[in-house]
Amino acid sequence: MKKAKWEHIIILCIGLWLLSIPWTVGWGFGPNDINVVMWNFVTVGITVVVTSIIALRNVRIWAEWLSLFMGAWLVFSPILLIYYNNSFFLWNSIIFGVAIVGLSALSIPIAEKQRVYNRLLRKNQRSHHRPIKH
């Protein structure tokens, strides 16, 4: 059974980038409106990193869906948090949000098939290990 791996590695890299944005752009966290934007990137980055690690280690369908939700949030956050006037933040949100949504949507069916396969495999192993009644 194929397991979605490369999708989560890319999502992990995107999450690390999102997490690093406050420090790479040099604005960091300040007492102004940009602070909300920075926390948004850090929160989404941490969530995406954690869910991709969980998905890489185990088949957890909720991690796939949470990652997809975070990507969708990232796409719409420039409008909802009103930072669409900053082109750097806007394009990072749109490009990486769409990438996360696309990769998560690609890996959800794979994870669901893997989950069903694992369940059937466990059920089959239990039935072979039962003592035979005479």
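Treat the numbers as computed from the prediction; the structure is a model and nothing was measured. (Residues numbered from 1 in each chain as written. Predicted model: local features only at pLDDT ≥ 70, side-chain atom pairs only at ≥ 80, totals over all residues. Heavy atoms only, no water.)

Trainee: Please provide a residue-by-residue account of the environment of leucine 12, values included.
Mentor: In this structure, leucine 12 sits in helix α1 (residues 6-24). When the C-alpha atoms of leucine 12 and threonine 51 are compared, they prove to be 8.4 Å apart, with 39 residues separating the residues in sequence. (Helix = DSSP H or I, 4+ residues; strand = E, 2+ residues; numbered from the N terminus.)

Trainee: Provide a residue-level description of the packing of aromatic side chains, including the pertinent values.
Mentor: The final tally for this structure, using the stated rule, is four aromatic pairs. Centre to centre, the rings of phenylalanine 88 and phenylalanine 89 are 5.5 Å apart; their planes meet at 65°, and the pair counts as edge-to-face. Of the residues examined, phenylalanine 89 reaches a relative accessible area of 0% and is grouped as buried. Here the aromatic residues Phe41, Tyr83, Phe88 and Phe89 are joined through ring pairs into a cluster of three or more. (Phe/Tyr/Trp six-rings, centres within 6.5 Å; stacked < 30°, edge-to-face > 60°. Buried < 20%, exposed > 50% of the residue type's maximum accessible area, 1.4 Å probe, protein only.)

Trainee: Please set out the environment of phenylalanine 41 residue by residue, giving values where relevant.
Mentor: You can see phenylalanine 41 is positioned in helix α2 (residues 34-57). Classification of phenylalanine 41 as buried rests on a relative accessible area of 0%. Here the alpha-carbon distance between phenylalanine 41 and asparagine 92, two residues 51 residues apart in the chain, equals 9.6 Å. Those residues within four positions of phenylalanine 41 in sequence are excluded, and the remaining contacts are Leu18, Leu19, Ile21, Leu74, Tyr83, Phe89, Asn92 and Ser93. (Contact = heavy atoms within 4.5 Å.)

Trainee: Describe a nonpolar patch on the surface, naming the residues involved and giving the relevant values.
Mentor: Together, Phe76, Ile79, Leu80, Ile82 and Tyr84 make up a nonpolar patch on the protein surface, roughly 580 Å² of accessible area in all. Along the chain, phenylalanine 76 falls in helix α3 (residues 61-80). (Patch = residues over 30% accessible without salt bridge, like charges linked within 9 Å, V, L, I, M, F, W, Y side chains within 5 Å. Areas by Shrake-Rupley, 256 points an atom, 1.4 Å probe, with all protein chains shown as cover. Salt bridge = Lys/Arg side-chain N within 4 Å of Asp/Glu carboxyl O.)

Trainee: Can you tell me about the confidence of the model for the protein chain, naming the residues and giving the values?
Mentor: Residues with a pLDDT of 70 or more make up 85% of the protein chain, whose mean pLDDT is 85. Looking across the protein chain, the model is least confident in helix α4 (residues 87-128), with a mean pLDDT of 86, and most confident in α3, with 95. (pLDDT = per-residue confidence, 0-100.)

Trainee: So what's going on with the side chain of serine 77? Residues and values would help.
Mentor: Looking at the secondary structure, you find serine 77 in helix α3. On the basis of relative accessibility, which here comes to 0%, the residue serine 77 falls in the buried class. Looking at serine 77, its side chain comes within polar contact range of the side chain of asparagine 40, at 3.3 Å. Beyond its immediate chain neighbours, meaning those up to four positions away, serine 77 contacts Asn40, Ile82, Tyr83 and Ser93. (Polar contact = N/O pair within 3.5 Å; in protein donor to acceptor, adjacent residues only side chain to side chain.)

Trainee: Tell me what's going on with α3, and back it up with residues and numbers.
Mentor: In this model, α3 (20 residues) spans 27 Å end to end at C-alpha, consistent with the 28 Å of a helix rising 1.5 Å per residue. Along its length, α3 shows its largest kink, about 35°, at leucine 74, and proline proline 78 lies within four residues downstream of that point. Burial in α3 covers these residues: Ile61, Ala63, Glu64, Ser67, Leu68, Met70, Gly71, Leu74, Ser77 and Pro78. Where α3 terminates, the next one or two residues include isoleucine 82, which has phi positive at roughly 55°. (Expected span 1.5 Å × (residues − 1). Bend = angle between axes of the 7 residues up to and from the residue.)

Trainee: Any chance you could break down the nonpolar core for me, citing the residues and the numbers?
Mentor: Leu18, Phe41, Val44, Val48, Leu74, Phe89 and Ile100 are the most contacted members of the largest nonpolar core, which has 15 residues in total. Listed by contribution, the elements that provide at least two residues to this core are α1, α2, α3 and α4. Of all the elements, α2 adds the most residues to this core, at five residues. Counting residues in hydrophobic clusters, the runner-up holds five residues, among them Val59, Ile61, Leu68 and Ile108. (Core = buried A, V, L, I, M, F, W, Y, C linked by side-chain atoms within 4.5 Å.)

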